[in-house]
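So you can see what is in the structure, the chains are spelled out below.
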Amino acid sequence: MSNFFTGLLRLKRGPWEMLATILIGLGVVMLMQPFALWLYTYSFVVTLAGTVMFIIVSHFKE
Amino acid sequence: MTDSLDTRAAAATPVRVAREIRGLSDRAIAWIFVAPTIFLLLAINIFPLIWTIRLSFTNFKANRNRDLEWVGLRNYERILGDSDIWLNMQATAHFLFWTIFFQVLIGFTLAYLINKKFKGNDLWTTIIVLPMMLSPAVVGNFWKFLYQPQIGLFNYVIAFFTGKEPSSFEMLGSVNLAPWSIVIVDTWMWTPFVMLICLAGLRSIPDYIYEAAEVDRASKLRQFFTITIPMVLPFLMLAVLFRGIENFKMFDLVVQLTGGGPGSITELTSINLKREAFEKWRTGYASAYAIILFVTVFGLASIYVKALNKVKER
């Protein structure tokens, strides 16, 4: 876990891609869940943030 | 002495053309070859995407000849606050979850069985793969006949096992059964695809790993959970992502089967989007809807590419 945070601080590609992937996954789950309308409302922002982050961090060094 | 092919080709090239080609750098020649593809990509993919993004901020209607009115983020706000679209998303989620669940379960089991060497192995693989090769429109049509309560084979098979009257239930007309009817058809059609990916994963596991496990007296069950599953997992993930992206965009099969009904219980997002764009002609609103779906699919595709690279590295 500490490796993950160290990687984030040092702008390593792996941990940042992981974070972006989690955001995209979270956004998709929020979009399709049947429990709360507000989660659905904010799903697009979360997915968009994850996707844009993924595009940017995929250019970071390994 | 015989001239080589390139010497003869160079000699056959007219002097004027040869001089022109010699004047171009390798980079320029590469650009000449790539340019038509880039141009087509820009014209067919990138330009419509940018145009759709632009339209998503307007109240444009494709069937009305009037000036565009800039509405900002209003289309996005309306879509993301609309409980009907939320229900469509849930219908899509139901379809996605259960199709992927059954396809992975049955696909992996079939791949595991096919991977064992037995007589007629190749024949069975071909038979299993057949549904995947059919057109979704054809599959939709003939399953519609299979689901007929009066003459459909499906109802008779269910009636045989449950003792119910074949005409006592209607797969496509019932609110409770219609979502499952589309899940069954998609599973029937696309399980072979998952099976093929799993089979590739199973065949990529070297035999010596199992031999080493045998030497260490690992049981078959232990070998399955500590060797087979971890080694096939990246392939399974790939299959899940691929089917997830495809089913998120599902349109043709469901339109043929239920048309989104009864009511709107099987109205997946892509069907709803088509209605907004080409039946209600709310082009600006539908553009915003399309962008929301696009970003979701693009995000999933990014994960898919990452998973694909991981599989390639193995």
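Residues numbered from 1 in each chain as written. Chains lettered and ligands numbered in written order. Predicted model: local features only at pLDDT ≥ 70, side-chain atom pairs only at ≥ 80, totals over all residues. Heavy atoms only, no water.

## Examining the overall build of chain A
- Assigned secondary structure in chain A consists of three helices and zero strands.
- Taken from the N to the C terminus, the helices and strands of chain A come in the order α-α-α.
- Here chain A has a C-alpha radius of gyration of 13 Å; the compact-globule value for 62 residues is 11 Å, and the former is much larger.
- Over its C-alpha atoms, taken along the principal directions, chain A stretches across nearly 40 × 25 × 10 Å.
- The buried share of chain A, taken over its 62 residues, is 39%.
- Within chain A, counting contacts between residues at least 6 apart in sequence, those at least 24 apart form 54% of the total.
- Counting only carbon and sulfur atoms, one obtains 75% of the accessible surface of chain A, whose full area is about 3,800 Å². (Helix = DSSP H or I, 4+ residues; strand = E, 2+ residues; numbered from the N terminus. Rg over C-alpha atoms; globule rule 2.2 N^0.38 Å. Buried < 20%, exposed > 50% of the residue type's maximum accessible area, 1.4 Å probe, protein only. Contact = heavy atoms within 4.5 Å. Areas by Shrake-Rupley, 256 points an atom, 1.4 Å probe, with all protein chains shown as cover.)

## What to know about the side chain of Gln223(B)
Residue and element names in this part refer to chain B.
- Among the structural elements, glutamine 223 can be located in helix 11 (residues 220-248).
- Residue class for glutamine 223 comes out buried when judged on its relative accessible area of 4%.
- Here alanine 218 takes part through its backbone oxygen, which lies 3.1 Å from a polar atom of the side chain of glutamine 223.
- With residues up to four places along the chain from it excluded, the contact list for glutamine 223 reads Tyr210, Ala213, Glu214, Ala218 and Thr228. (Polar contact = N/O pair within 3.5 Å; in protein donor to acceptor, adjacent residues only side chain to side chain.)

## Here's the deal with unusual backbone geometry
Residue and element names in this part refer to chain B.
- Even without glycine at this site, arginine 217 takes up a positive phi of about 60°.
- Among the secondary structure elements, arginine 217 is positioned in the loop between helix 10 (207-215) and helix 11.
- A relative accessible area of 78% means that arginine 217 is categorised as exposed.

## Looking at the layout of surface pockets
- Computed from the structure, the largest pocket encloses a volume of approximately 590 Å³.
- Taken together, 18 residues make up the lining of the largest pocket; nearest its centre are Val28(A), Leu96(B), Ile100(B), Val240(B) and Leu300(B).
- For the lining of the largest pocket, the elements supplying multiple residues, two or more each, are helix 2 (13-32) of chain A together with helix 5 (83-115), helix 11 and helix 14 (283-313) of chain B.
- Class assignment for the residues of the lining of the largest pocket results in 15 nonpolar, three polar and no charged.
- The volume enclosed by the second largest pocket comes to roughly 420 Å³.
- Lining of the second largest pocket is provided by 18 residues; of these, Phe44(A), Leu48(A), Tyr76(B), Ile291(B) and Val295(B) occupy positions nearest its centre.
- Taken together, the elements giving at least two residues each to the lining of the second largest pocket come down to helix 3 (37-57) of chain A together with helix 3 (26-55), helix 4 (74-80) and helix 14 of chain B.
- Per-class residue counts for the lining of the second largest pocket are 15 nonpolar, two polar and one charged. (1 Å grid on protein atoms, 1.4 Å probe; cavity = no way out; pocket = protein on both sides within 12 Å on 5 of 7 lines; lining within 4 Å. Points joined across faces, edges and corners; volume = space filled by probe spheres on them. Nonpolar A, V, L, I, M, F, W, Y, C, P; charged D, E, K, R; others polar.)

## Remarks on the interface of chain A and chain B
- The interface is formed by 21 residues belonging to chain A together with 24 residues belonging to chain B.
- Together chain A and chain B conceal approximately 1,900 Å² of surface at their shared face, both sides included; 79% is due to carbon and sulfur atoms.
- Its largest share of buried area at the contact with chain B, chain A owes to Met32(A), Tyr40(A) and Phe44(A), together 36% of the area lost on that side.
- For the pair chain A and chain B, the interface holds zero salt bridges.
- Scanning the region where chain A abuts chain B turns up three residue pairs in polar contact (both at pLDDT 80 or more).
- Elements with a contribution of two residues or more to the side of chain A that touches chain B: helix 2 and helix 3 of chain A.
- The element best represented in the side of chain A that touches chain B is helix 3 of chain A, accounting for ten residues. (Buried area = accessible area lost by both parts, 1.4 Å probe. Salt bridge = Lys/Arg side-chain N within 4 Å of Asp/Glu carboxyl O.)

## Considering the pattern of salt bridges
- Counted by the stated rule, this structure contains nine salt bridges over all chains.
- Across the salt bridge formed by Arg13(A) and Glu17(A), the nearest N and O atoms sit 3.5 Å from each other. Here Glu17(A) and Arg13(A) lie together in helix 2, a separation of four residues that amounts to about one turn.
- Overall, the relative accessible area of 9% leaves Glu17(A) in the buried class.
- With its nearest N and O atoms 2.9 Å apart, the salt bridge here joins Glu276(B) to Arg282(B).
- Classification of Arg282(B) as partly exposed rests on a relative accessible area of 23%.
- Look at the salt bridges and you will find they share partners, linking Glu267(B), Lys274(B), Arg275(B) and Glu279(B) into a network.

## Some points on the packing of aromatic side chains
Residue and element names in this part refer to chain B.
- Under the definition given, this model contains 27 aromatic pairs over all chains.
- Ring pairing ties together the aromatic residues Phe97, Trp98, Phe101, Phe102 and Trp180, which thus form one cluster.
- One cation-aromatic arrangement involves arginine 54 over tryptophan 51; the distance from NZ or CZ to the ring centre is 4.6 Å.
- Arginine 282 extends its terminal NZ or CZ atom over the ring of tyrosine 285, reaching a point 4.0 Å from the ring centre. (Phe/Tyr/Trp six-rings, centres within 6.5 Å; stacked < 30°, edge-to-face > 60°. Lys NZ or Arg CZ within 6 Å of the ring centre and 35° of its normal.)

## What to know about the confidence of the model for chain B
- Averaged over all residues, the pLDDT of chain B is 89; the fraction at 70 or higher stands at 97%.
- With a pTM of 0.83, the predicted complex shows an ipTM of 0.91. (pLDDT = per-residue confidence, 0-100.)

## Section: the domain arrangement of chain B
Residues and elements named next belong to chain B.
- Looking at the assigned domains, one finds that chain B contains domain 1 (15-55) and domain 2 (80-313).
- Computed over C-alpha atoms, the centres of domain 1 and domain 2 are 38 Å apart.
- Of the roughly 360 Å² buried at the junction of domain 1 and domain 2 (both faces included), carbon and sulfur atoms supply 84%.
- Looking at the side of domain 1 facing domain 2, the largest losses of area belong to Leu49, Thr52 and Leu55, adding up to 89% of the total buried there.
- For the interface between domain 1 and domain 2, the tally reads zero salt bridges.
- Our enumeration of links across domain 1 and domain 2 arrives at zero residue pairs in polar contact (both at pLDDT 80 or more). (Domains from an automatic or database assignment.)

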